[in-house]
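Next come the chains, spelled out residue by residue.
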Amino acid sequence: MLREQYDVVVIGAGPGGSVAARELAQKGWTVLLLEKRERIGYPVRCGEASTNLSDLESYGPIDEDCIETIINGIYIYGPNGVNIEVPKPGTGIMLNREKFDPMLAHLAENDGVELVTLARVDSVGGIEGKGSGEFRTVRIVEGNGPTEKVSEVRAKMVISAEGVEARIGRSLGIPCLQKPTMTCTGVDIQVEGLLTKPDYLTFWQGHDFINDGYIWSFPKQKSNVTNFGAGFLFGGKHQKNILETTQEWLDKLFPGSKVNKVVGGLVPVSSTLQSYTLDRFALVGDAAHHTNPLTGGGIAAAMRAGRYCANTVHQGLERGELSAAFLKTYEKECYKRFGKTHDFEFKFRKFLLHLNREEQVGLYKVLQGFALSGYKKTAFLKTPIQTAKYLAKFAKFKG
Amino acid sequence: MKKLVHDRGKCLECAGCVGVCPAMALDMYNLDLQIDNAKCTRCGLCTKGCPVGALTLQEVADAT
Ligand SMILES: Cc1cc2nc3c(=O)[nH]c(=O)nc-3n(C[C@H](O)[C@H](O)[C@H](O)COP(=O)(O)OP(=O)(O)OC[C@H]3O[C@@H](n4cnc5c(N)ncnc54)[C@H](O)[C@@H]3O)c2cc1C
Ligand code: SF4
Ligand code: SF4
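Residues numbered from 1 in each chain as written. Chains lettered and ligands numbered in written order. Predicted model: local features only at pLDDT ≥ 70, side-chain atom pairs only at ≥ 80, totals over all residues. Heavy atoms only, no water.

This part is about the site of ligand 1. Residue and element names in this part refer to chain A. Around ligand 1 sit 35 residues in total, of which Gly16, Glu35, Gly47, Ala49 and Asp286 are the nearest. Separating an oxygen atom of ligand 1 from a backbone N or O atom of Arg45 is a distance of 3.3 Å. Within the backbone of Ile299, one N or O atom sits 3.0 Å away from an oxygen atom of ligand 1. Protein burial of ligand 1: of its 1,000 Å² of free accessible surface, 93% is covered by the chains. Within the residue set of the shell around ligand 1, elements represented by two or more residues are helix 1 (15–26), strand 2 (31–35), strand 7 (119–128), strand 12 (213–220), strand 14 (259–268) and helix 6 (299–319). Of the residues that constitute the shell around ligand 1, the class distribution is 14 nonpolar, eleven polar and ten charged. Each of two domains, domain 1 (5–46 + 98–178 + 272–343) and domain 2 (68–94 + 181–268), supplies a minimum of three residues to the shell around ligand 1. (Near = heavy atom within 4 Å. Polar contact = N/O pair within 3.5 Å; in protein donor to acceptor, adjacent residues only side chain to side chain. Areas by Shrake-Rupley, 256 points an atom, 1.4 Å probe, with all protein chains shown as cover. Helix = DSSP H or I, 4+ residues; strand = E, 2+ residues; numbered from the N terminus. Nonpolar A, V, L, I, M, F, W, Y, C, P; charged D, E, K, R; others polar. Domains from an automatic or database assignment.)

The subject of this paragraph is the pattern of salt bridges. Residues and elements named next belong to chain A. Scanning all chains against the criterion turns up 26 salt bridges over all chains. Of the charged contacts, one joins Arg97 and Asp101 as a salt bridge, the two residues approaching to 2.9 Å between their closest N and O atoms. Linking Arg97 with Asp101, this pair stays in helix 3 (residues 97–110), spanning four residues, or about one helical turn. Overall, the relative accessible area of 4% leaves Asp101 in the buried class. (Salt bridge = Lys/Arg side-chain N within 4 Å of Asp/Glu carboxyl O. Buried < 20%, exposed > 50% of the residue type's maximum accessible area, 1.4 Å probe, protein only.)

Our next topic: the interface of chain A and chain B. Opposite the 29 residues of chain A that make contact, chain B presents 25 residues. Summing the contributions of chain A and of chain B, the shared interface buries around 2,200 Å²; its carbon and sulfur component is 58%. By the criterion of area lost to chain B, the three top residues of chain A are Arg120, Arg167 and Phe234 of chain A, representing 26% of everything that side buries. Here Arg120 of chain A and Asp27 of chain B are joined by a salt bridge, their closest N and O atoms 3.9 Å apart. Where chain A meets chain B, there are 14 residue pairs in polar contact (both at pLDDT 80 or more). Counting only elements with at least two residues in the side of chain A that touches chain B, the list comes to helix 4 (167–171), strand 10 (183–192), helix 5 (242–253) and strand 14 of chain A. At five residues, strand 14 of chain A tops the list of elements feeding residues into the side of chain A that touches chain B. (Contact = heavy atoms within 4.5 Å. Buried area = accessible area lost by both parts, 1.4 Å probe.)

Now for the domain arrangement of chain A. How big an interface is tends to be expressed through the accessible area that disappears when the partners come together. All names here are of chain A. Splitting chain A by domain gives domain 1 (5–46 + 98–178 + 272–343), domain 2 (68–94 + 181–268) and domain 3 (355–396). With 14 residues of domain 2 at the interface, the matching set in domain 3 holds eleven residues. Each partner contributes to the roughly 1,000 Å² buried at the junction of domain 2 and domain 3, and carbon and sulfur atoms together form 60% of this total. The largest per-residue losses of area from domain 2 upon contact with domain 3 belong to Val82, Ile84 and His207, which jointly make up 46% of the total buried on that side. Put simply, domain 2 and domain 3 have one salt bridge between them. Between Asp208 and Arg357 there is a salt bridge, and its shortest N-O distance comes to 2.7 Å.

What surrounds ligand 2 is the set Leu4, Cys21, Pro22, Ala23, Leu26, Cys40, Thr41, Arg42, Cys43, Gly44 and Cys46 of chain B. Classifying every residue of the shell around ligand 2 gives eight nonpolar, two polar and one charged.

Residue and element names in this part refer to chain A. Within the largest apolar cluster, 58 residues are counted, with the highest numbers of intra-cluster contacts made by Val138, Ile159 and Val313. Among the elements that line this core, the one with the most residues is helix 6, at seven residues. When near neighbours in sequence (up to four residues on either side) are disregarded, Val313 contacts Val8, Leu24, Met157, Ile159, Leu322 and Leu327. Counting residues in hydrophobic clusters, the runner-up holds 23 residues, among them Ile84, Leu201, Phe203 and Phe397. (Core = buried A, V, L, I, M, F, W, Y, C linked by side-chain atoms within 4.5 Å.)

Next comes the structure, spelled out in structure tokens:
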């Protein structure tokens, strides 16, 4: 039975929403977490590669079952056979999100969050009431079809971690629509066995493969399967859809692979939205385009944003101040912690995309040199002219 | 007259199409895609955003 009023209503029980909800409940606020899917995290819409274990563990104890592989490096197949290897012990984790997403939601529940699944937020109203009594009305549809039940609750603050759909954010006027040149469409084909180096994330990128995106092979050791996937800009000049394209690359690179299942989805690659808070309302994660615009990784960013949002909202609730101006603190924190880097990576992605094959091969050679030297400054001295050329080109590049 | 047709057999239930539709004509109820034909402008963006080609604009006699 829902209450009439909550301090905070969180929309979407993905990584961003569950973290935000939990951290606010831990501080003693009443929190309602609403997820429209019946099964949290199912179907998975992800390649499941994420940040390192200690980073993840800062959000709570991570069940062994959720961890598939400890990642010790990355390998990139670039154009013209220029490949880059970057060993980095413990740099990341392969997750099992079918288990990880529900686990995060249940951690939130254990800390006092009221979690309701099969509960779709239909609308969030404007500001009502006055002063410290201000609230937004959240309209919820529970269940499906003939058994559905509509109810309304009041929230002092609404946090929407609604993913790429972002219907609520858009209905309140935030420009979170996924645009053709700023969004990748992707699939992940789960294949039997381990196709590539079992503790490495492997990528194929550039003109010889997929230029406005990439191909990936991520090993899930515990399940003995590989997430083989790819993504590209959906507004690009592609004749075939991304599933057909990925299947072709799978047949070419690993003929005879046995496919278990296919999942897919959208990846925002625009870098963070200019602004994504309103009075008593904030977006978190994919809805705010917090996804890394170069790698497409969004799990860690959504969780970080969820935490920063919870911190700001906690302070705001204590002070009785949740105006858009106050919530800027949250946006600023995101910018400082990852947004700034994402803006740089966004520019780099567009730079890479605009280079012709020959220039791209040159750039890959420079990057290869850096990787071989372990990213020491002396690498610069090995190819000073080439490196300087690309640095200058990049600095001038307007996008 | 064109109409947006959804192939449930192909659909991955990924909700991608919902995120690209400028007209807000699409929504997911749990895992069921809902198409609001009255809102759909037949712009075709969702047919490109869909990773598997489960959405197509098809010629029909009556598009309502
Ligand atoms: C093919 C593919 C591969 C990817 N690979 C990786 C990868 O390897 N590593 C990585 O880090 N990231 C990857 N990503 C990105 C990653 O999946 C997302 O960035 C991440 O899930 C974002 O988390 P979130 O909490 O913002 O949103 P989500 O995880 O999308 O959660 C949003 C939730 O909100 C719910 N919801 C939406 N609207 C409503 C509503 N109105 N009412 C109630 N509930 C609602 C949805 O059902 C959903 O459960 C990939 C994405 C795709 C598509
Ligand atoms: S054709 Fe355009 S308006 Fe219609 S559902 Fe698809 S994206 Fe929306
Ligand atoms: S984008 Fe395609 S696969 Fe995904 S939910 Fe829409 S119709 Fe289904």
